[in-house]
Structures are given as C-alpha cells and as structure tokens.
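Structural characterization, general
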Amino acid sequence: MISVFSVSRSRVTPHEEIKGKQPKPDPFRQPSAKGWRIKYSGEKRSVVDGPFAETKELIAGYTIIQVKSKEEALEWTKRFPNPVVDGKEGEIEVRQLFELEDFEPGEAVERFRELGVGTEK
C-alpha cells in the first residue's frame, strides 16, 4: 500500500490585515491525532505526536510525499531542513491524506477507481 502524506513546510504568524479570519477546515488531510510535528531549534530536531489544537497560524507551503508507510514518512520528514532561516525555531506538521480506502464503499468511490484516481500504478 502506498500512503500519501502532506507536510506543512513552515508556519508563520498572520499579518495584521488577515488576523481574525478563520482558517477553513482541510477536507483532504486526516485529523492531527494521526499526525506529528517536527520541531527545529538550530540543528536539533524533535518529533511530537498529535493531536494538536487548531492553530491560527498560516501554513506557508506544502510538500506531498508518497511512501509505503507512516514509518517511512517519519524517516523522510526527519531529513527535511529547518523551514526557518538562520537556524531559528520552526516546525513542520505531517498528516496523512485521505485515500479511497478511508471511505465507505459506494458508487462515487467505485467511479474514482474506474478513473484510476487514488489507485496504485
């Protein structure tokens, strides 16, 4: 089985002009309880397992990785460079994306399979 993970590459505090706006729920990523964060302090890295309280910080970017297991995703993300320049403190958050197997069988899921969406190639 191939798993797809979303890596939020860095988090930044919102600018004044966008404070107060509520972030939209992310329908593609699984709950943070199934994810982890890698916190950076200079060259040091530490892994913190979810769940996480929802944050009002903005996600500055995504990286999608396709791996065979959660363990492989963890190993890859431990190698990611600190997303903040000059070795300051920063973090990345990793969550698995929903896959067809996560949904109840049905007409829509079968249609996606027929189209080759979400299937191994």
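Residues numbered from 1 in each chain as written. Predicted model: local features only at pLDDT ≥ 70, side-chain atom pairs only at ≥ 80, totals over all residues. Heavy atoms only, no water.

With that settled, consider the overall build of the protein chain. The helix and strand tally for the protein chain stands at two helices and seven strands. The burial tally for the protein chain puts 30% of its 121 residues in the buried class. Within the protein chain, residue pairs in contact and separated by at least 24 positions form 76% of the contacts whose partners lie at least 6 positions apart. Per element, the accessible surface of the protein chain, about 8,600 Å² overall, is 54% carbon and sulfur. (Helix = DSSP H or I, 4+ residues; strand = E, 2+ residues; numbered from the N terminus. Buried < 20%, exposed > 50% of the residue type's maximum accessible area, 1.4 Å probe, protein only. Contact = heavy atoms within 4.5 Å. Areas by Shrake-Rupley, 256 points an atom, 1.4 Å probe, with all protein chains shown as cover.)

Among the secondary structure elements, E99 is positioned in the loop between β7 (90–96) and α2 (107–115). Among the polar contacts listed, one links the side chain of E99 to the side chain of Q96, at a separation of 3.1 Å. (Polar contact = N/O pair within 3.5 Å; in protein donor to acceptor, adjacent residues only side chain to side chain.)

The next point concerns the confidence of the model for the protein chain. Model confidence for the protein chain is summarised by a mean pLDDT of 77, while 70% of its residues fall at 70 or above. Averaged pLDDT values for the elements of the protein chain fall to 46 in strand β2 (residues 11–12) and rise to 92 in strand β4 (residues 44–49). In this model, residues 10–23 is a region of pLDDT below 50 whose contacts with residues beyond four sequence positions or in other chains number 23 contacts. (pLDDT = per-residue confidence, 0-100.)

Moving on, we get to the packing of aromatic side chains. Evaluated as defined, the whole model comprises one aromatic pair. The ring of F52 is capped by R37, whose NZ or CZ atom sits 4.0 Å from the centre of that ring. Here the guanidinium or amino end of R79 rests over the ring plane of W76, the centre of that ring lying 4.5 Å away. (Phe/Tyr/Trp six-rings, centres within 6.5 Å; stacked < 30°, edge-to-face > 60°. Lys NZ or Arg CZ within 6 Å of the ring centre and 35° of its normal.)

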